[in-house]
Amino acid sequence: MTAQALAEAGEKVLAFVVGERRMAVPARQVREVAGLPPLTRVPFGAANLLGLGNFRGRVLPVLALERQAGNPCSRALLLGGERPVALAVNAVLGLAEADRAEDERLDIDAVLADAFPERARKAAAPAGTRLAGARIAAQGAAEEPVEDERVALLVMDLAGQRFALPADQVEEVLARTAEVAAIPGAHPSALGAMEHRGGVVPLFSLAGLLGLGDARSCGRGQVIVVRIGGGLVGLVVERVRAVLPVAHSRLEPVPGVLLRGASEAAIQAICRPGSGERLIGVLDADHLLASGADGLAAGAVSEPAPRQRQREDAGQPYLMLRAGRHRLAMPLRSVESVTLPQSLASIPDAPHWLAGMVNLRGTAVPVIDLSARLGEGNGGAGRRLVVSRRDGDAVGLLVDRVEGLIALSPDVIEHADAGGEADSTFDGYARLPGGHGGFERIALLVSPWTLIDAAHLELIVRAQGKARA
């Protein structure tokens, strides 16, 4: 039922069912009736918030009118006004005359006041102001000259060695799917083509391009999608290890005596990570394809003109993370390193989500267990430590998994109200492609400093509570 049909209903009401209750709402307040999409849970949100839903490209908070153990809701009433929300209902009965309807009238203002009290909105404002100031400071700092700028490298394992690509050349990192179309007569390093965002991307074995073994020896592996001019190419590797920001001073030219023919274009530099870590060969996608496969760059699938224009405003790179059931995205510029968890020193009387302190190059850094912080319990094996630093201060986040990089443009980032502490905890919500049933997935945008600010507030509240006890 569209907004136009509801508008033509005049002073009628829309009747619906929630649980065992028959209710009605003025039709003029309903913008649309839609199916209930898959919902993304938001920690610290309003008590009656079921989650966020993507309604034809718009992210809206979905509120429950009552909690139901069975008979889950399948429909949503999309309300207009200053605070657009969706109400989850079991069924929509249809339109009725306002003066004749006997159904229970829903007080929408009361529902919104319960989910988004004025006190919570005011409390969220200082955090938002601090975040805006931090963004401005970060932008200003980026414009100032620095002695030794850092470059972000996407590090991968390949044929028993370690290589990297500059992160700004990477479109995203994907799991390799089984649906790969083989191309007869293709280059020996070509694995075929796979579907990607409504188009087709050619796949190449990076080990094959570098002459490090059989092109098909990497198994399923992962796919690094790189940009080459106006086209996209997928590079299959065994495993993406981490994002490693390094200083330019740690990038060394390849010794000339080692270079021979096309090899000069394959490895652009040698990275010295330090702390006894293995050396990393730094690749360049353009040179790699042009040299390793006799002009393969020319065979990259060109994107249609509209997508080329969109690529010019592709947005900023984000690191994709998982903490429990939550999918998170963190700005890459806020990430200093991604490492394996180290031994932690416990903190007496700390909340369960404060995992302890870690020694990073002689500095004690607090570590937040992100799964525990978001109410998911403690994570299991295979976890990673994401370290961020600002103005000399550092914080570590324990996450369950690092899923790779993705570029998020401004038009996929939304700032829907979730109520509670969520509005001052998350920087927004991003619509991600690749969901089931045509629905885009939703990622929670996090800043480590927003999380640590919220953690500090909780610690203060705990301390005040102990003082009064």
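Positions within a chain are numbered from 1, following the residues in the order the chain's sequence is written. Local features are withheld for residues below a pLDDT of 70 in this predicted model, meaning they are given only at 70 or higher, and side-chain atom pairs are given and counted only at 80 or more; totals for whole chains, interfaces and linings count all residues. Think of the side-chain values as coming from all heavy atoms in the structure, minus any hydrogens and water.

A word on the confidence of the model for the chain. Model confidence for the chain is summarised by a mean pLDDT of 75, while 71% of its residues fall at 70 or above. Segment residues 5-9 is flagged for pLDDT under 50; beyond a separation of four residues in sequence, or across chains, it makes 9 contacts in the model. Think of pLDDT as the predictor's per-residue confidence, scored from 0 to 100. Whether two residues touch is decided by their heavy atoms; if any such pair falls within 4.5 Å, the residues are in contact. Residue range residues 291-312 is modelled with pLDDT below 50. Its contacts to residues more than four positions away, or to other chains, number 40 contacts.

Turning to the environment of Met-23, a few remarks are in order. Only DSSP runs of H or I with at least four residues qualify as helices, and only runs of E with at least two residues qualify as strands; both kinds are numbered from the N terminus onward. With respect to the secondary-structure elements, Met-23 resides in strand E2 (residues 21-26). Along the primary structure Met-23 and Leu-93 are separated by 70 residues, whereas in three dimensions their C-alpha atoms are 9.6 Å apart. In this structure Met-23 touches Leu-14, Ala-15, Phe-16, Leu-65, Asp-103, Glu-104 and Leu-106, once residues within four positions along its chain are discounted.

Note: two strands are recorded as paired if DSSP finds a minimum of 2 bridges between them. Read across the open sheet, the 4 strands follow the order E9-E1-E2-E10; overall the sheet is mixed. The open sheet has two edge strands with one neighbour each: strand E9 (91-97) and strand E10 (104-105). As paired strands, E2 and E10 are joined by 2 bridges and run parallel to one another. Among the inter-strand pairings, Ala-24 is bridged to a residue of E10, identified as Arg-105.

Our next topic: the sheet that holds strand E8 (residues 85-89). Taken in spatial order, the 6 strands line up as E3-E7-E8-E6-E5-E4 in an open sheet, and their pairing is mixed. The open sheet has two edge strands with one neighbour each: strand E3 (30-35) and strand E4 (39-40). Relative to E8, strand E7 (residues 75-79) runs antiparallel, the two being bridged by 5 bridges. Across the sheet, residue Leu-77 finds its bridge partner in E8, namely Leu-87. Convention adopted: a line fitted to C-alpha atoms gives each axis, helices being fitted over their contacting stretch, and angles between N-to-C directions are expressed from 0 to 180 degrees. Packing against the sheet, helix H2 (residues 108-115) makes contact with strand E6 (58-64), E7 and E8, and its axis sits at approximately 100° to E6.

You can see Gly-382 is positioned in the loop between helix H8 (370-373) and strand E28 (384-390). Separated by 19 residues in the primary sequence, Gly-382 and Arg-401 have C-alpha atoms spaced 7.0 Å apart.

Oppositely charged side chains can pair when the atoms bearing their charge come close. For salt bridges, the criterion is a side-chain nitrogen of Lys or Arg within 4 Å of an Asp or Glu carboxyl oxygen. Summed over the entire model, instances satisfying the criterion amount to 14 salt bridges. A salt bridge links Arg-56 to Glu-32; its shortest N-O distance comes to 2.8 Å. Of this pair, Arg-56 sits in the loop between strand E5 (49-55) and E6 while Glu-32 is found in strand E3, placing the two residues 24 residues apart along the sequence. Accessible area is worked out with a 1.4 Å probe on protein chains only. A residue is then buried under 20% of its type maximum, exposed over 50%, and partly exposed in between. Owing to a relative accessible area of 73%, Arg-56 belongs among the exposed residues under this scheme. Exposure remark for Glu-32: the relative accessible area of 14% places this residue in the buried category. When salt bridges that share partners are traced, they join Arg-21, Glu-66 and Glu-104 into one network.

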